[in-house]
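Letter by letter, the chains look like this.
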Amino acid sequence: MQVGVPKEIDSGEKRVAISPDGVSKLQKLGYEVCIERGAGVGANFSDADYEAKGASIAPDAAALWDGADIVLKVSIPQEHPGAGRHEADLLDEHKTLIGFVWPAQNEELMQRLAATGGTVLAMDCIPRISRAQNYDALSTMANIAGYRAVIEAGQHFGRFFTGQITAAGKVPPAKVLVIGAGVAGLAAIGTAVGMGAIVRAFDTRPEVKEQVESMNAEFLLLDFEEDGSGEGGYAKTMSKEFIEAEMALFLEQAKEVDIIITTALIPGKPAPKLITEEMVRAMKAGSVIVDLAAEQGGNCECTVPGEVAKVHGVSVVGYTDFPSWMAAQSSTLYSNNLCNLMGALTPDKDGNIVVDMTDEVIRGATVIEKGAITWPPPPPRLSAAPKNAPAAPAPAPEPKRPALSANVKSYLGVGVLAAAILGIGFAAPETFLREMVTFILACFLGWQVVWNVTPALHTPLMSVTNAISGIIVIGALVQMSNPSSWAVGLAAFAILMATINIAGGFLVTRRMLRMFQR
């Protein structure tokens, strides 16, 4: 079979579905690859780059679609000015189209594609499950958009992200608020933290708190008991009370932060309005809002999709094509996603595509099969394990006497230990008591001296062994005043060996820490 990669015709779209390296991957699966002339120019891939990898070059879109059995695209099919036809009409019952389709928002397009009798797989419908991560083009593009959002915010902000102290004065670090800690949000957080900003993040899903904090950002919490976790890794629509508390928090933050990046989207619905004009008015002049949900209407009331609006001195960035601004990177990663999916669709690596509807990943991505609309798919199975049979009820336990509480047990233990030490004090000779006191003091002081060293200088194992060595050093120092030369010699030897162990422990720990340094 032949795989065709047309030139994208969407206005401003610079990405291409397959990179030159992707051509080699498809050839290993048994496919022939044909690229439309100039398809990779926007991503800095020349026709010569593709030819060097063994791809053929089609002179125009009509020639490419006529010869291709499988067509790989980025953007949704549109009216093609060069071919004089809609791209959907170039599909037929023997062809398969793979690319972004957005079936929930394009019902008319779905009907037009289905009428051709072809098969369509939507990259935006890949189930967001662990097994499908290497096909997940949505996450790939969101990662790039989150990174680019911070870069674009810096371009409009006009100040340093990181704080500085210079001869000309002190510059405070920028304060960034990221709303939504999904893939795009986490990418934005990592980029902003790396540039030295003070970053805060908010999400309705409490399970992302640890991810945000692990990236050295502050997670904002509401004093409100409601979980926003929805299906497929997305957030769900929250209650009216939660939204009111959320909006109050955003208004308070708008007065403090310099940059707001919004990423909140709910599949199949317009983007929720989270930043009101009142919040924009509350921000300082020169502040920036980057709305990554602009394509679906935007999270900010002042967003103008595709443009940068200046509202009350605040720049509201509503660009909808951030991944295309980094076309080479986006195309390379999207090509990897497509090649991984093609690998799953070609189990025998013989150049023949197999749309296995029993595979939940392929089933989820297949929105049209041979002219029949199969979208939406059934929800993904969380587990394939069979349900366990209900266990027989356990027999009622025999009544037991109430056990002693933990506090009572600890008090009894301390009492027994005190009685034992008191008995030893009455019965043992004076020399034994003196040595016993020395031993106890050595244990306490030696442990405290070494154990309280900052954990950054220790591995857990070294901290324990060094603490024990510290006990030996303290005890041996006390014995240096012993009148017996044998005792003094053994004490000196003990000090030497314990000191070597402590120094060696720190040296080994330092070498281990260097392994993790950049």
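Above: the structure in question.
From a predicted model like this one, the values you see are computed outputs, not experimental measurements.

Draft legend 1. Structural detail: the overall build of the chain. Helix and strand counts for the chain come out as 16 helices and 19 strands. Within the chain, buried positions represent 42% of all 518 residues. Summed over all atoms, the accessible surface of the chain reaches about 27,700 Å², with 59% contributed by carbon and sulfur.

Draft legend 2. Highlighting the sheet that holds strand β8 (residues 119-122). Strand order in the open sheet formed by eight strands is β3-β2-β1-β4-β7-β8-β18-β19, with mixed pairing between adjacent strands. Each edge of the open sheet carries a strand with a single partner, namely β3 (56-58) and β19 (372-373). The pairing of β8 with strand β18 (residues 366-369) spans two bridges and is antiparallel. Paired with Val120 across the strands is Ile368, a residue of β18. In this fold helix α4 (residues 107-115) packs onto β7 (96-99), β8, β18 and β19, with an angle of close to 40° to the strand it touches most, β18. Those strands touched by helix α11 (residues 327-345) are β1 (2-5), β4 (70-72), β7 and β8, and its axis lies near 140° from that of β7.

Draft legend 3. Highlighting the pattern of salt bridges. With the rule as written, the count across this model stands at 15 salt bridges. The salt bridge involving Arg148 is made with Glu152; its shortest N-O contact spans 3.6 Å. Of this pair, Arg148 and Glu152 both sit in helix α5 (residues 137-157), four residues apart, roughly one helical turn. No difference in accessibility class separates Arg148 from Glu152, as the two residues are buried. Taken together, the shared-partner salt bridges in this structure form one network comprising Glu8, Lys73 and Glu87.

Draft legend 4. How the structure looks around the environment of Ile495. Along the polypeptide, Ile495 turns up in helix α16 (residues 485-514). Among the residues examined, Ile495 registers a relative accessible area of 19% and is labelled buried. Counting along the chain gives 15 residues from Ile495 to Met480, while the straight-line C-alpha distance between them is 9.9 Å. Once residues lying within four places of it in the same chain are set aside, the contact partners of Ile495 are Val473, Ala476, Leu477 and Met480.

Draft legend 5. Main features of the environment of Ala217. In this fold, Ala217 is placed in the loop between α7 (209-214) and β13 (218-219). Counting along the chain gives 27 residues from Ala217 to Gly190, while the straight-line C-alpha distance between them is 8.6 Å. Once residues within four sequence positions are removed from consideration, Ala217 is found in contact with Ile189, Val199 and Val212.

Draft legend 6. How the structure looks around the nonpolar core. If you look at the biggest cluster of nonpolar residues, it comprises 41 residues, and the most contacted ones within it are Ile18, Leu26, Leu72, Ile98, Tyr334 and Met342. Contributing elements (two or more residues each) for this core: β1, α1 (20-28), β2 (32-36), β4, α5, α11 and α12 (360-365). Residue contributions to this core peak at seven residues, all from α11. Discounting chain neighbours no more than four positions away, the residues touching Tyr334 are Val16, Ala17, Lys73, Val74, Gly99, Phe100, Met123, Ala137, Thr140 and Met141.

Draft legend 7. Quick look at the packing of aromatic side chains. By the definition in use, this model includes eight aromatic pairs. Ring centres 6.1 Å apart and planes at 80° place the aromatic pair Tyr319 and Phe322 in the edge-to-face group. As far as the burial class goes, Tyr319 and Phe322 line up, both buried. Members of the aromatic cluster, connected to one another through ring pairs, are Phe100, Trp102 and Tyr334.

Cut-offs and rules
- Residues numbered from 1 in each chain as written.
- Predicted model: local features only at pLDDT ≥ 70, side-chain atom pairs only at ≥ 80, totals over all residues.
- Heavy atoms only, no water.
- Helix = DSSP H or I, 4+ residues; strand = E, 2+ residues; numbered from the N terminus.
- Buried < 20%, exposed > 50% of the residue type's maximum accessible area, 1.4 Å probe, protein only.
- Areas by Shrake-Rupley, 256 points an atom, 1.4 Å probe, with all protein chains shown as cover.
- Pairing = 2+ DSSP bridges.
- Contact = heavy atoms within 4.5 Å.
- Axes fitted to C-alpha atoms, helices over the stretch in contact; angles between N-to-C directions.
- Salt bridge = Lys/Arg side-chain N within 4 Å of Asp/Glu carboxyl O.
- Core = buried A, V, L, I, M, F, W, Y, C linked by side-chain atoms within 4.5 Å.
- Phe/Tyr/Trp six-rings, centres within 6.5 Å; stacked < 30°, edge-to-face > 60°.

Any functional reading would require information beyond the geometric quantities listed.
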